[in-house]
Amino acid sequence: MGNTDTKLNFRKAVIQLTTKTQPIEANDEAFWEQFWSESVTCVQDVFTLIPAAEIRALREESPSNLATLCYKAVEKLMLAAESGCPSQNEQQTVLNCVRLLTRILPYIFEDPDWRGFFWSTLPGQSEEGENESPPLAQTLLNAVSDLLFCPDFTVTTARKTGPDNPEDISTIDSCEYIWEAGVGFAHSPPHNTYHDQNRTELLKLCLTCFSETMYLPPVADAHAAPNQWMQYFTSTENRHALPLFTSLLNCLCSYDPVGYGVPYNHLMFTDSREPLVEVALQVLCVTMENDSSSGAVTVDGTSSGTAMDQGSDAGGSDNLFLNYLSRIHREEDFAFILKGITRLLNNPLTQTYLPGSCKRIQFYQELLVLFWKMCDINKKFMFFVLKSSDVLDILVPILYNLNDARADQSRVGLMHIGVFILLLLSGERNFGVRLNKPYSVRVPMDIPVFTGTHADFLIIVFHKIITTGHQRLQPLFDCLLTIIVNVSPYLKTLSMVASTKLLHLLEAFSTPWFLFASPTNHHLVFFLLEVFNNIIQYQFDGNSNLVYTIIRKRNVFHQLANLPVDHSSIARAMTKRGKKFSAPPIDSREPQTMEGAIPAAEAEPGTLKASLAATPRLDKMTEKSAPDEGHRPPTLKEIAESTGAHNVQPASEIEDPMSTGDSVGAGSDSDASGKPPLEKSRSLPLSSPDTPNSPPDTPVESSSSRSFKRAGSTTSQSGTWVATPEWVQTWKQKLPLQTIMRMLQVLVPQVEKICIDKGLTDETEILKFLQHGTLVGLLPVPHPILIRKYQANSGTTMWFRTYLWGVIYLRNVDPPIWYDTNVKLFEIQRV
């Protein structure tokens, strides 16, 4: 009963605050105390008792009361940090202030006029000299950082301290109080549930402070200035930056969700560590933005040097989190980090005899982002990962997630991050070499049974994505095939299943109507031919399965070499396709695979308009979500058909399996081009997945799609692209078929002769013959191995930011920190 009364008092105070016409004096302590007294004991109460509408009303109608509330809450935190909050009452006050600010801050960020409020000077100090008074934001971040290392509140003190002699929090060395053993810290403090819960609430407030980014539109100009909250938190101004970074990293990498392995232990005991690990991971990910001081996102798609450059160790970054991460170099630290990340990534794949007996983590998307950033920021870490077969423990869960998400349009973001990581790793020779290790792990997946290597596993999953994924994955086809091209010179022995899958892709992509349907489809054929050339030139001896499959499917290569280029043949191929797809089924849609999945609508022909030639895929068009054939996984031919006039860039919608019906459309957008230009002389600029949402119906054609409208190709009056003989001829004469044709010329007569002489019908004899055959001296001189490396650009930087904040938005549903606020960085679609 008493609890109800205290909540009622709190609610009355909120109503009083919003309805009083006169500003309430800052020195009316009795009134302000009601907001952080013991009347409210959990964060859910604060979110329930302060409705969104009332915060907005307070902001619009009583701005001085809102300002005073924020000022008084920050002042309370500052005083508590100075005193070390030794008593239970003071600790409860701190938590209530933290909850109140976590509730209010998003509504301050959503109003552009209020955004600078926390960076203005404190009331009553401006006259005395502005240099003396730090902005409210700095006071808040300093207090929170101090409180994260507050003895008996967030850390266990080793010293004997009573109420008479509390430890002075301003003089303690927080490096002695790092939360967990690991990088740079050997002592593992005892776990304390109370401390974990307090750390979690304080870190959620930090994350809320950093979330100002969510309220800026997804255009480069809006993000040109650094996020001041993050900049201060990770700067030398924060005396706790090093122990904070180390605590967050060690907490994450030492976490074992399985614990002692007792079945169903997660149902019997509350795990206070998981919420802490999750928010620690999110704070780590968002604070490791590319260093703004060394060049923010630029409009031309380039960015100046960052801490990610290999030579940046000497200078370092203004962002201490980036700096510390880039300087980790001890092998034991790398091993600790990698072991922690692989343990957590593989956790959802764990198989047990008792269903549901093992705790499953849900923050694998943030883990992938962190792993990506670590490889990009610390090249020594990436080389350590690739030095042993441990990289395969990262590869398997990535491929598992890619396969699992391929037909779900709401998980396009997860598809992109997985492909980005593999593209980054495939740029290194060691990755291709590691793929030759036999694949023995049996993860339950809907792929063909095969006996082979991790390379076979990768090719089979990629084939599955291309042939049965939804059409908004189309722009990733170039990246998927680029990964296979990068590793192909090192693949010693492909299985028959993987070989057949590669030939099947070539067969599908080399049909005339597919090649003539889009200005970029022929790139896919070039990639596949390059894969076959690399394997024949560098790994012929062990790849009899692939050679045999090429011989069996030799007609595909002959048809490609004899591709007709005259007007009538092109028209005939396109007409045949038109008939094939002119009458779609009335309604063959299946139920969506996940709540909140929104199918992509194809852009209408003739809607592509040129604008902002120099801007690389940052201003996008927002698609109307209309039902289309994306409801069911399209076949390869349907995928080809959908590329007819232009390539639709996929909307990077982010959906979390745990979400309750809200899906974040981190850009329900489409782009005129989704495929990276293929320039062999330099690294591959990866096409950015979407950054979200310009005003609806403002299509933008990217420069790469414009560049293809040359070489005789034409655009019809309706705006659709039309293939011409001149255009076909420009790339047909460059098809790298010489090596394959020479191999067929040598081997086909020999194979036919054996079959006739021995009356063979069994392929095993032919494979034996091919295993012992040789083409030494018969093939053209091997071309140099060409690796296309991932190259960061402004589009991908913005995409990562959007994707990460979208995931964080969805993961934070208890309490729902940003729910129902006016987020600008991505679209929210409610079901």
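Rules of the game
Residues numbered from 1 in each chain as written. Predicted model: local features only at pLDDT ≥ 70, side-chain atom pairs only at ≥ 80, totals over all residues. Heavy atoms only, no water. Helix = DSSP H or I, 4+ residues; strand = E, 2+ residues; numbered from the N terminus. Contact = heavy atoms within 4.5 Å. Salt bridge = Lys/Arg side-chain N within 4 Å of Asp/Glu carboxyl O. Buried < 20%, exposed > 50% of the residue type's maximum accessible area, 1.4 Å probe, protein only. Core = buried A, V, L, I, M, F, W, Y, C linked by side-chain atoms within 4.5 Å. Phe/Tyr/Trp six-rings, centres within 6.5 Å; stacked < 30°, edge-to-face > 60°. Axes fitted to C-alpha atoms, helices over the stretch in contact; angles between N-to-C directions. Parallel < 35°, antiparallel > 145°, perpendicular 65-115°, else oblique. Left-handed = near helix turned anticlockwise from the far one by under 90°. Nonpolar A, V, L, I, M, F, W, Y, C, P; charged D, E, K, R; others polar. Expected span 1.5 Å × (residues − 1). pLDDT = per-residue confidence, 0-100. Disulfide = S-S within 2.5 Å.

1. A short note on the overall build of the protein
No. 1: A count of helices and strands for the protein gives 33 helices and 9 strands.
No. 2: Taking as baseline every contact in the protein between residues at least 6 positions apart, the subset at least 24 positions apart corresponds to 79%.

2. Some words on the pattern of salt bridges
No. 1: In total, this model carries 26 salt bridges according to the counting rule given.
No. 2: Ionic pairing is found between glutamate 366 and arginine 811, a salt bridge with its closest N-O pair at 3.8 Å. Of this pair, glutamate 366 sits in helix α15 (residues 364-377) while arginine 811 sits in helix α33 (residues 794-811), and the two are 445 residues apart along the sequence. Here the two residues glutamate 366 and arginine 811 agree in accessibility, since each one is buried.
No. 3: A salt bridge links glutamate 752 to arginine 554, with the nearest nitrogen and oxygen atoms 3.5 Å apart. Of this pair, glutamate 752 sits in helix α31 (residues 738-758) while arginine 554 sits in helix α26 (residues 554-561); the two residues are 198 residues apart in sequence, bridging distant segments of the chain.

3. Let's talk about the nonpolar core
No. 1: By size, the foremost hydrophobic cluster in this structure holds 236 residues, and its most contacted members are Phe35, Phe118 and Trp229.
No. 2: Sorting elements by how many residues they give to this core places helix α6 (residues 88-109) first, with 11 residues.
No. 3: In contact with phenylalanine 35, other than residues within four places in its own chain, are Phe10, Ala13, Val14, Leu17, Leu69, Asn96 and Leu100.

4. Topic: the environment of alanine 57
No. 1: Topologically, alanine 57 is positioned in helix α4 (residues 52-61).
No. 2: We classify alanine 57 as partly exposed; its relative accessible area is 21%.
No. 3: Once the C-alpha coordinates of alanine 57 and threonine 18 are considered, the two residues, 39 residues apart in sequence, prove to be 6.9 Å apart.

5. Notes on the packing of aromatic side chains
No. 1: Going through the model one piece at a time under the given rule, you end up with 36 aromatic pairs.
No. 2: Aromatic ring contacts, followed pair by pair, group Phe109, Trp114, Phe117, Phe118, Trp119, Tyr215 and Trp229 into a single cluster.

6. Comments concerning the packing of helix α22 (residues 496-509) against helix α24 (residues 522-539)
No. 1: Remark: α22 packs on α24, axes separated minimally by 9 Å, with the N-to-C direction vectors making an angle of 150°. Here α24 runs roughly antiparallel to α22, going by the angle between their axes. By crossing handedness, the relation of α22 to α24 is classed as left-handed. Within the contact between the two elements, α22 uses Leu502, Leu503, Leu505, Leu506 and Phe509 and α24 uses Leu524, Val525, Leu528, Leu529, Val531 and Phe532.
No. 2: Looking at the contact of α22 with α24, its residues break down into 11 nonpolar, no polar and no charged.

7. Describing α22
No. 1: Taking 1.5 Å of rise per residue, the 14 residues of α22 would be expected to cover 20 Å, and the 20 Å separating its terminal C-alpha atoms lies within 8% of that figure.
No. 2: By the criterion of burial, α22 is predominantly enclosed, with 10 of the 14 residues buried.
No. 3: Within α22 the residues assigned to the buried category are Met496, Ala498, Ser499, Lys501, Leu502, Leu503, Leu505, Leu506, Ala508 and Phe509.

8. Remarks on α24
No. 1: The terminal C-alpha atoms of α24 lie 25 Å apart, and with 18 residues this matches the ideal 26 Å at 1.5 Å per residue to within 8%.
No. 2: Burial runs high along α24: 17 of the 18 residues are buried.

9. Concerning the packing of α22 against α26
No. 1: For the pair α22 and α26, interaxial distance at closest approach is 10 Å and the crossing angle is 30°. Considering the angle they form, α22 stands roughly parallel to α26. Classified by chirality, the crossing of α26 by α22 is left-handed. Residues Leu503, Leu506 and Glu507 of α22 pack against Val556, Phe557 and Leu560 of α26.
No. 2: Classifying every residue of the contact of α22 with α26 by side-chain character gives 5 nonpolar, no polar and 1 charged.

10. Things to note about unusual backbone geometry
Leaving glycine aside, a negative phi is the common case for residues, and trans is the common case for peptide bonds.
No. 1: With an omega of 0°, the peptide bond running from aspartate 814 to proline 815 counts as cis.
No. 2: Summarising the element assignment, proline 815 is placed in the loop between α33 and β9 (827-830).
No. 3: Phi is positive for cysteine 85, close to 30°, though the residue is something other than glycine.
No. 4: With respect to the helices and strands, the residue cysteine 85 is situated in the loop between α5 (63-83) and α6.
No. 5: Look at aspartate 820: it is not a glycine, yet its phi comes out positive at around 70°.

11. Overview of the confidence of the model for the protein
No. 1: Residues of the protein with pLDDT of at least 70 account for 73%, and the chain-wide mean is 77.
No. 2: Predicted confidence for residues 291-315 stays below pLDDT 50, and this span has 46 contacts to residues more than four positions away or in other chains.
No. 3: Predicted confidence for residues 581-662 stays below pLDDT 50, and this span has 268 contacts to residues more than four positions away or in other chains.

12. Re the side chain of threonine 549
No. 1: Position of threonine 549 among the secondary structure elements: in helix α25 (residues 544-552).
No. 2: Of the residues examined, threonine 549 reaches a relative accessible area of 2% and is grouped as buried.
No. 3: Excluding its chain neighbours within four sequence positions, the residues that come into contact with threonine 549 are Met496, Ser499, Thr500 and Leu503.

13. Focus: the side chain of histidine 195
No. 1: If you trace the backbone, histidine 195 turns up in helix α8 (residues 193-210).
No. 2: In this structure histidine 195 comes out as buried when scored by relative accessible area, which is 5%.
No. 3: Once you skip the residues sitting within four places of it in the chain, histidine 195 turns out to touch Asp152, Phe153, Thr154, Val155 and Thr156.

14. A look at the environment of lysine 501
No. 1: Relative to the helices and strands, lysine 501 is located in helix α22.
No. 2: On a C-alpha basis, the gap between lysine 501 and isoleucine 459 in space is 7.5 Å, while along the polypeptide they are 42 residues apart.
No. 3: The residues touching lysine 501, leaving out its near neighbours within four places in the chain, are Pro448, Ile459, Ile460 and His463.

15. So, the state of the cysteines
No. 1: For the coordinates displayed, the defined rule picks out 0 disulfides.
No. 2: No disulfide involves cysteine 85; its nearest neighbouring cysteine sulfur is the one of cysteine 150, lying 3.6 Å away.

16. Remarks on the environment of asparagine 401
No. 1: Tracing the backbone shows asparagine 401 in helix α17 (residues 391-405).
No. 2: Sequence separation of asparagine 401 and glycine 418 is 17 residues, and the distance between their C-alpha atoms is 7.9 Å.
No. 3: Those residues in contact with asparagine 401 that sit more than four places away from it in its chain are Tyr364 and Leu414.

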